[in-house]
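In case you want the letters, here they are:
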Amino acid sequence: MIKKLQKIPVSTASYPFASAARYLDLEAYGYIETEYYMEGSANIYQSDGTQGSVKVRDADVPYMNRLIVRMPEDPARASGNIVVEIINPTSFMEIERMWILSYQKLMRDGDIYVGITSKPNTIAKLKEFNEERYGCLSWKNPRMDEPFPFTEEQIREKGILPDIDIHYEPGLFWDMLTDLAWLLRSDDTMNPLHWIKDRFLYLTGWSQSACYLFRYVNSFAYRSEVKRDGQVFDGYLAGGGVRNLIIPVNQYEALMDYNFRLKRVEYTAQPFISVQTESENSAFDAFRTKRPDSDYPYFMYREYEVTGASHDTVFSYVNYYQQDEDLKRIGMLPSYAGKHNNGNDYPSQILFAGAFRNLFRWVREGSGPQSCERIPVDEYGCNRKDAFGNTKGGLRTCLLNYPTGRYYSSSTIEPGQSFVDPSSDKDPLFGCQEAFSQAFLKELYGSLEHYERLCREDTKEQISRGFICKEDGETLVQLAVSLAQERGLS
């Protein structure tokens, strides 16, 4: 139960962590950003078997959390679409990846963004950023006198994320999320969005947070206590889900041998779109856990596999943060560690914008979007390549249908730099790109004018199929043409 939502004042000395107002001109978009303390109590659950069902372990445990809201300053501009992001905690820093990938679409259409801190492992960095602002945050473990049923060595051997701590309990999150959703649906004046008449609520998350989303849908969203007399969320969009990761209900179950079906969505009575990049479409057990697209009333599902893009890109992981001095100060500024000249900068944000629009239409109009060809894989689960060295199939743009270079989903790095495998000299999450030669581009396309014409025709087709928003078409064409020109086509 949420007891209080308290607005946190902003000053030149105290402002939200990784505030979008520091990276973007929110005023130009007509948007405002507000941060809140969210105080309340939540149940902690435990598994009732290995299939996904849960029961209460500890009731009414107090907590103090935070959330960030970005919305139109003018209420008349609000579309009614409210996107709730499970903020990614994997790097021990709050990364609002779904906001980064979609802010251009959300703000031009009057959509509302709500980001919620999803795991207490990030609180230490929030406090280092600003102790006075974030010192009150607390997810205290009510069983600190109860040791974990495993050792640190067992955690390392199993490859579990190294964010387990006896002093806090991530399992508080499930009720926090549900209670926030019901508050946002209500007309209670504590709801910062109570002034919106027609509200449609969507849950989203990136990478580990997408796995949180899978677990929420599989174990919580359709429980009678959670559903009450309606549905918690109207739709779901999971981005970059790492399918070999099953989120435990509480951290004491970190080594529990859950059923493999919890790596994917088994049932969804609301529209669900999963968007994978080349880093995850077949790796991390994804090729073993694929689900078919469906319009069946109890499995409303689409999966898009973005060819060309890697899990992290220059746009979504490096450029957005603009060399933020605060992130440098706390040692958390994201960077590209690859040895290649150019990190992967495939414009997946344009395809995520299309996916969000398709989800909103599916929910509000009831018409499911087109399905998209999946990326073909070989018997080892590796993506198949075309004659240019790029991956075949998938959700494509003119950058791959008329390529001027090759896109890779991994990079060569110094051993020890990989988050996934410290012993490897490969980073499977941040890819690179390699330009074709000027002579080859001339042979392929003849002239820049001809190349532009091909890109316009291809983009028009993708817009017509609903995979690219019309508003993004010109941006994509100009990006492709500029890249071709930079690589020597004239």
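Scroll up a little and you will see the structure.
What comes next is a walk through the structure.

Analysis parameters
- Residues numbered from 1 in each chain as written.
- Predicted model: local features only at pLDDT ≥ 70, side-chain atom pairs only at ≥ 80, totals over all residues.
- Heavy atoms only, no water.
- Pairing = 2+ DSSP bridges.
- Helix = DSSP H or I, 4+ residues; strand = E, 2+ residues; numbered from the N terminus.
- Axes fitted to C-alpha atoms, helices over the stretch in contact; angles between N-to-C directions.
- Salt bridge = Lys/Arg side-chain N within 4 Å of Asp/Glu carboxyl O.
- Buried < 20%, exposed > 50% of the residue type's maximum accessible area, 1.4 Å probe, protein only.
- Polar contact = N/O pair within 3.5 Å; in protein donor to acceptor, adjacent residues only side chain to side chain.
- Contact = heavy atoms within 4.5 Å.
- Disulfide = S-S within 2.5 Å.
- Core = buried A, V, L, I, M, F, W, Y, C linked by side-chain atoms within 4.5 Å.
- Parallel < 35°, antiparallel > 145°, perpendicular 65-115°, else oblique.
- Nonpolar A, V, L, I, M, F, W, Y, C, P; charged D, E, K, R; others polar.
- Patch = residues over 30% accessible without salt bridge, like charges linked within 9 Å, V, L, I, M, F, W, Y side chains within 5 Å.
- Areas by Shrake-Rupley, 256 points an atom, 1.4 Å probe, with all protein chains shown as cover.
- Lys, Arg positive; Asp, Glu negative; His and termini not counted.
- Charge placed at Lys NZ, Arg CZ, Asp CG, Glu CD.

Some points on the sheet that holds strand β8 (residues 268-277)
Across the sheet, which stays open at both edges, the 10 strands sit in the order β1-β2-β3-β5-β4-β6-β7-β8-β10-β9 with mixed pairing between neighbours. Pairing within the sheet leaves two strands with one partner each, and these edge strands are β1 (2-7) and β9 (294-296). Averaged over all pairs of adjacent strands, the angle between their axes in this sheet comes to 20°, without regard to strand direction. In the sheet, strand β7 (residues 235-239) pairs with β8 via 4 bridges, with the strands oriented parallel.

Focus on the pattern of salt bridges
Tallied over the full model, the rule gives 36 salt bridges. Of the charged contacts, one joins Asp58 and Arg143 as a salt bridge, the two residues approaching to 3.0 Å between their closest N and O atoms. Placement of Asp58 in strand β3 (residues 54-72) and of Arg143 in the loop between α5 (131-134) and α6 (152-158) is noted, with a sequence separation of 85 residues between them. What makes Asp58 buried here is its relative accessible area of 12%. A salt bridge links Asp326 to Arg329; the shortest N-O distance between them is 3.4 Å.

Brief notes about the side chain of Asn281
With respect to the secondary-structure elements, Asn281 resides in the loop between β8 and β9. Judged by its relative accessible area of 0%, Asn281 is buried. Engagement of the side chain of Asn281 in a polar contact is seen with the side chain of Asn383, the distance being 2.9 Å. For Asn281, the residues in contact, after removing those within four places along its chain, are Gln276, Ala286, Phe287, Lys290, Glu305, Ile375, Val377 and Asn383.

So, the state of the cysteines
Scanning all chains against the criterion turns up 0 disulfides. Cys372 carries a free sulfur, and the closest cysteine sulfur to it, the one in Cys469, is 15 Å from it. When its relative accessible area of 11% is taken as the criterion, Cys372 is described as buried.

Remarks on the nonpolar core
Ranked by internal contacts, the top residues of the largest apolar core, which has 139 residues, are Val84, Trp99, Val114, Tyr216 and Phe233. Contact partners of Phe233, with chain neighbours within four places excluded, come to Val84, Leu177, Ala181, Arg185, Leu201, Tyr202, Leu203, Tyr216 and Gln270.

Digging into the packing of helix α12 (residues 348-365) against helix α16 (residues 470-486)
Each pair of packed helices can be described by the angle between their axes along with the distance between the axes. It is the contact of α12 with α16, at a shortest axis distance of 10 Å, that shows an interaxial angle of 170°. Regarding the angle of α12 to α16, the classification is roughly antiparallel. Listed contacts from α16 to Ile350, Ala353 and Arg357 of α12 are Lys470, Glu471, Asp472 and Leu476. Within the contact of α12 with α16, the residues separate by chemical class into 3 nonpolar, no polar and 4 charged.

Points about a negative patch on the surface
Side chains of Asp25, Glu27, Glu73 and Asp74 sit close together on the surface and give a patch of like negative charge. The residue Glu27 is located in helix α2 (residues 26-29) in this model. By relative accessible area, Glu27 is classed as exposed at 72%.

All quantities given are derived from atomic positions and should not be read as evidence of function.
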